[in-house]
Amino acid sequence: MNANDPSPIAWLEDAVESILRRGGNHVAIAAPLGLGKPNHLLNALYRRIKADPSRHLTIYTALSLDTPSAGNDLEQRFLAPFLARQFGADYPRLDYVVDLKADCLPENIRVQEFYFQSGAMLRSARAQRDYASINYTQVSRDLADGEILHAIVHLVARRGGSGGAARYSLSCNPDVTLDLLDALAARGKPRPLLIAMVHPDLPFLGGDADVDAAFFDSIIDEGTHKQPLFALPRNAVDISEYAIGLHASTLVRDGGTLQIGIGALSDAIVHALLLRHRRNPEYQEALLALRGIDAKTDPLVQRCGGLDSFRRGLYGASEMIMDGFMHLRLAGILTRKVYDDVDVQRALNSGEAVDPARMRGGHYLKGAFFLGSKEFYAWLRELQGEDYSGLLMSRVSDVNQLYGGREELDALQRRDARFFNTCMIATALGAAASDALDDGRVVSGVGGQYNFVAMAHAIDGGRSVLSLRATRENHGKVESNIRWNYGHTTIPRHLRDIYITEYGVADLRGQSDENCVRAMLAICDARFVDALVTEAIRAGKLPGDFRMPTEWRNNTPAALAARLAPFAQRGLLPTFPFGSDFNATELRLLPALLWLKQRVGKLRYLPDLLGAWVAGGSPDDAATCLQRLGLAHPCSLRERVLARIVRAALARSEKAAAPKNRTDA
């Protein structure tokens, strides 16, 4: 903050001018990943430099969130009302993201990201060229070693009065900002301008995130630039994902530590943990049906996990805090507190009595950034008492690694850690591809995955668990996600640990290559095992007379669905385990539109589409859905065609659907 001007309060236009004055003709700024970006400020700066080719701008950031876009007329009719309701009709998209997706970013502007919104930049040549593959914990180091940064821009929360009398929170993103400032200072580099933009709905969280007004050079608190918080729609979870979640839940030890990511697979794990805690007899019954044997007899479960309800509770240490941690806290599972005192923590881990006077400041959850649903943001805003004080937002160097002088304490706190992450592809020898395709194009980024996998090997009792669906559909063709080799690796095979698909668990730690191959084949889809066996024999990793166990032939979608169908019908495995942001009509339309999307433009589905077109559907049954799409009263030939095909798709998708599941499990 300027010593001659004790008030940091500024207007957005003034903040832009201050950045331009500091940077001159070559401006370099950093912005937090995800939710913490002040979109209006970034757009104002971007537009100024885009309009002036004599200036240059570099933006260092990650996870630039953007709303979904429609691919055709029907998708647009479905998405537009939902997006307006979910994100707000006036949500300010990031201009640089719009231009990157269109591959028309100006030559005088560069955006270097180390993590993409999944799949968003696969078709952007500029984004692919400027991507930087960096472990999350090393971003601050690499930025500090690079060019001079002129500003860090940040969305913040405010508590108390205004100006210098208030306190501010970095809220969703203390992660890299704090580490970066320290790294710049250590190298003797100038401190960039810190420009904050106050968001009235951003939760005020403590820990390292809690700062005073003097931390910033400028605070924009106008109230005129509205930016709805980017809220992720809650996920649907299918049977294969539930199977993965059930398998994963058996590996969590009561009294241990949990790290989980985001998405349907993570939701499935959380839901399975809730079933284990709240509806244990039904949970164990579902496990028995899924595995065909009592999971209590599984040596890995006996050694690493458990099946009983949680009496001691879990501690959360995760780079991302998301909805799942909220559900676990509300259910009374996320209750194990840790303390920043080595002696106290060592005594607690050993079961020794500790003087209550020494057990102060304990926390049940530590994270570096958060992102989630509207419900999650509301929960964070309303936290009080120990629920509030026990949730710490921290710099990423504290969460994602054991180094920095806290090794012993962190290892004690994170006892029996289970680091759950997802990957796209796994090889039969235990390597994983999680962030990029075979040809090197980046889907997302490594983020903190490598850090947590490595940490699992460094903590006594720690385990890394990588989950993946056994198959994927690519251009209408089913492919295996377990391959012999893949052209890109995120996690090397020497860090192999535990893999989970819907068909089971493969424990690879410390195993020979032959045993690894056998374990991975056992959780592979049966349609692809023969080809993998041939590859393994050719490479000398299986004996020439190897014969496949009969039970591997049962690893099929149909057999899996049959095993879990009774539990889905009883409401134990609902389509939307944590509620849906879609209304009833939209939920009915979704499978019909998906049915169409899978078939339109694919020659092999032409008879299916023609049959549906001829058969049509009941106009009365479809009236509400057609109204939602603006097709209740078609005014043109095109709209009449769309209305008929929607009726047909509704009839076909509903005929093919299993009995509807309850969503209140």
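Residues numbered from 1 in each chain as written. Predicted model: local features only at pLDDT ≥ 70, side-chain atom pairs only at ≥ 80, totals over all residues. Heavy atoms only, no water.

Undergrad: Quick rundown of the packing of aromatic side chains? Include the residues and the values.
TA: For the structure on display, the rule yields 16 aromatic pairs. Ring geometry for F82 against F582: centres 4.5 Å apart, planes inclined by 25°, an arrangement best described as stacked. Of the two residues, F82 is situated in helix α3 (residues 73–87) and F582 in the loop between α21 (557–569) and α22 (584–599); the sequence distance between them amounts to 500 residues. F582 carries the same exposure label as F82, and that label is buried. Of the aromatic side chains, those joined through ring pairs into one cluster are F370, F376, Y377 and W379. Looking at R628, its charged tip hangs above the ring of F78, at a distance of 5.2 Å from the centre. (Phe/Tyr/Trp six-rings, centres within 6.5 Å; stacked < 30°, edge-to-face > 60°. Helix = DSSP H or I, 4+ residues; strand = E, 2+ residues; numbered from the N terminus. Buried < 20%, exposed > 50% of the residue type's maximum accessible area, 1.4 Å probe, protein only. Lys NZ or Arg CZ within 6 Å of the ring centre and 35° of its normal.)

Undergrad: Give me the lowdown on unusual backbone geometry, citing residues and values where you can.
TA: Here the phi dihedral of D103 falls at roughly 55°; this positive angle occurs in a residue that is not glycine. Residue placement: D103 occurs in the loop between α4 (95–101) and β4 (109–113). Positioned with a positive phi, S171 is a non-glycine residue whose angle comes to about 50°. When you line up the elements, S171 lands in the loop between β6 (167–169) and α7 (175–186). Under the relative-accessibility criterion, S171 is labelled buried at 0%.

Undergrad: Describe in detail the sheet that holds strand β20 (residues 482–483), supporting the description with residues and values.
TA: Spatial ordering of the open sheet is given by β16-β15-β20, a layout of three strands whose pairing is mixed. Unpaired on one side and paired on the other, β16 (432–433) and β20 mark the two borders of the sheet. As judged from the two bridges shared by strand β15 (residues 425–427) and β16, these two strands associate in the antiparallel manner. Counted as the bridge partner of A426 is A432 from β16. (Pairing = 2+ DSSP bridges.)

Undergrad: If you had to explain the nonpolar core to someone new, which residues and values would you point to?
TA: Formed by 156 residues in total, the largest nonpolar core has its most connected members in F216, F370 and L391. When neighbours within four sequence positions are excluded, L391 is seen to be in contact with L205, I321, Y364, L365, W379, L380 and L383. Counting residues in each nonpolar core, the second largest holds 31 residues, with L429, C516, V517 and C524 among its members. (Core = buried A, V, L, I, M, F, W, Y, C linked by side-chain atoms within 4.5 Å. Contact = heavy atoms within 4.5 Å.)

Undergrad: Lay out the confidence of the model for the protein chain in plain terms, naming residues and giving numbers.
TA: Scored by pLDDT, the protein chain has a mean of 92; 94% of the residues are at 70 or more. This stretch, residues 660–665, has a pLDDT under 50; its non-local contacts, to residues over four places away or in other chains, come to 16 contacts. (pLDDT = per-residue confidence, 0-100.)

Undergrad: An account of helix α1 (residues 12–23) is needed here, citing residue identities and associated values.
TA: With twelve residues, α1 should cover 16 Å at 1.5 Å per step; its first-to-last C-alpha distance of 17 Å lies within 8% of that length. Residues of α1 that are buried: L12, A15, V16, S18, I19, L20 and G23. In this structure, the buried side of α1 is in contact with β1 (9–10), β2 (26–30), α2 (39–50), β5 (151–159), β7 (193–198) and β9 (218–220). Positive phi appears at G24, one or two residues downstream of α1, with a value of about 70°. (Expected span 1.5 Å × (residues − 1).)

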